[in-house]
Amino acid sequence: AAAMVAILGAAYVFCKASPALLAPHVETLLPYLKAQNHVDPKAETLVVAKVSNVVTWALPLVSPERRDLSSLASCAEDLLKLTYKFNSDVIHAAVESLATLSRLGCIDGGAKPPTSWAASGANPGAPPSPAGGAVEPLLKLEDPDDLDAHERADLLSS
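1. Description of the overall build of the protein
Okay, step 1: Across its full length, the protein carries seven helices and zero strands.
Okay, step 2: In the protein, the succession of helices and strands from N to C terminus is α-α-α-α-α-α-α.
Okay, step 3: Residues classed as buried in the protein amount to 36% of the 158 residues present.
Okay, step 4: Considering only contacts within the protein whose residues lie at least 6 apart along the sequence, 64% involve residues at least 24 apart.
Okay, step 5: Carbon together with sulfur atoms contributes 59% to the accessible area of the protein, which is approximately 9600 Å² in total.

Shown next as structure tokens:
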């Protein structure tokens, strides 16, 4: 477990310094995003966060012809599941990776959340998602700048 975290940590550092070094190996790292690495929860958190960041930084450097869209679609599903299972550091990294996948046209942006929290492996007692997996925003605004300072403060405090 410690060796895996150390190796992926080194890959993370190399990618942060020069993403082109890891671009040819992005596909190799995608299975680590399944969060089934048989390590303790703390190590799993480190693994998925680091691999998510590597995907974010290196994938844009992979030529479109070399991107396996089915693998990347599966990757998007795995990243979405990570947002339900892990802490804010992993959520941040996973959302950045999802944004990169969408921006590059690797996914259509229509990835749906799991039909229930139980299906994602997180919070089995939670209610299922709305029909179709769509989530309604809590508040719809035409233009957020239309709010005065008091209304903004009320929104932020709630």
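2. So, the confidence of the model for the protein
Okay, step 1: Averaged over every residue, the pLDDT of the protein is 78; the share at 70 or more is 68%.
Okay, step 2: Segment residues 111–120 is flagged for pLDDT under 50; beyond a separation of four residues in sequence, or across chains, it makes 24 contacts in the model.
Okay, step 3: Confidence drops under a pLDDT of 50 for residues 122–144, and excluding neighbours within four residues, the segment shows 19 contacts in the predicted structure.

3. A short note on the environment of Val95
Okay, step 1: Position of Val95 among the secondary structure elements: in helix 5 (residues 88–103).
Okay, step 2: Sequence spacing of Val95 and Ser52 is 43 residues, and the spatial spacing of their C-alpha atoms is 8.8 Å.

4. Concerning the nonpolar core
Okay, step 1: With 35 residues, the main nonpolar core has Leu33, Leu59, Leu79, Leu82 and Leu101 as its most contacted residues.
Okay, step 2: A total of eight residues in this core trace back to one element, the largest contributor, which is helix 3 (residues 41–58).
Okay, step 3: Ignoring sequence-local partners within four residues, the contact set of Leu82 consists of Leu33, Ala35, Val48, Ser52, Val90 and Ala94.

5. Points about helix 3
Okay, step 1: When the terminal C-alpha atoms of helix 3 are compared, their 26 Å separation across 18 residues agrees well with the 26 Å that a helix rising 1.5 Å per residue should span.
Okay, step 2: For helix 3, a buried count of 13 out of 18 residues is recorded, marking the element as mostly surrounded by other parts of the structure.
Okay, step 3: At the N-terminal end of helix 3, a side-chain oxygen is found 3.2 Å from the backbone nitrogen of Lys42, two or three residues along, and the residue is Asp40.

6. Here's the deal with unusual backbone geometry
Okay, step 1: Not every positive phi belongs to a glycine, and Ala35 is a case in point at roughly 60°.
Okay, step 2: Position of Ala35 among the secondary structure elements: in the loop between helix 2 (26–29) and helix 3.
Okay, step 3: Positive phi is not limited to glycine here, since His38 has a value of about 55°.
Okay, step 4: Mapped onto the fold, His38 is located in the loop between helix 2 and helix 3.

7. Remarks on the packing of helix 4 (residues 69–85) against helix 5
Okay, step 1: Viewed as axis vectors pointing N to C, helix 4 and helix 5 meet at an angle of 150°, and their least axial separation amounts to 9 Å. Judged on the interaxial angle alone, helix 5 and helix 4 are roughly antiparallel. The two elements helix 4 and helix 5 meet at a crossing, and its hand is left-handed. Contacts between helix 4 and helix 5 involve Leu72, Cys75, Ala76, Leu79, Leu80, Leu82 and Thr83 on the former and, on the latter, Val90, Ile91, Ala94, Val95, Ser97, Leu98 and Leu101.
Okay, step 2: Residue classes in the contact of helix 4 with helix 5 are distributed as 12 nonpolar, two polar and no charged.

8. Some details on the side chain of Thr56
Okay, step 1: Its place among the elements puts Thr56 in helix 3.
Okay, step 2: The buried category is assigned to Thr56, whose relative accessible area is 11%.

About the cut-offs
Residues numbered from 1 in each chain as written. Predicted model: local features only at pLDDT ≥ 70, side-chain atom pairs only at ≥ 80, totals over all residues. Heavy atoms only, no water. Helix = DSSP H or I, 4+ residues; strand = E, 2+ residues; numbered from the N terminus. Buried < 20%, exposed > 50% of the residue type's maximum accessible area, 1.4 Å probe, protein only. Contact = heavy atoms within 4.5 Å. Areas by Shrake-Rupley, 256 points an atom, 1.4 Å probe, with all protein chains shown as cover. pLDDT = per-residue confidence, 0-100. Core = buried A, V, L, I, M, F, W, Y, C linked by side-chain atoms within 4.5 Å. Expected span 1.5 Å × (residues − 1). Polar contact = N/O pair within 3.5 Å; in protein donor to acceptor, adjacent residues only side chain to side chain. Axes fitted to C-alpha atoms, helices over the stretch in contact; angles between N-to-C directions. Parallel < 35°, antiparallel > 145°, perpendicular 65-115°, else oblique. Left-handed = near helix turned anticlockwise from the far one by under 90°. Nonpolar A, V, L, I, M, F, W, Y, C, P; charged D, E, K, R; others polar.

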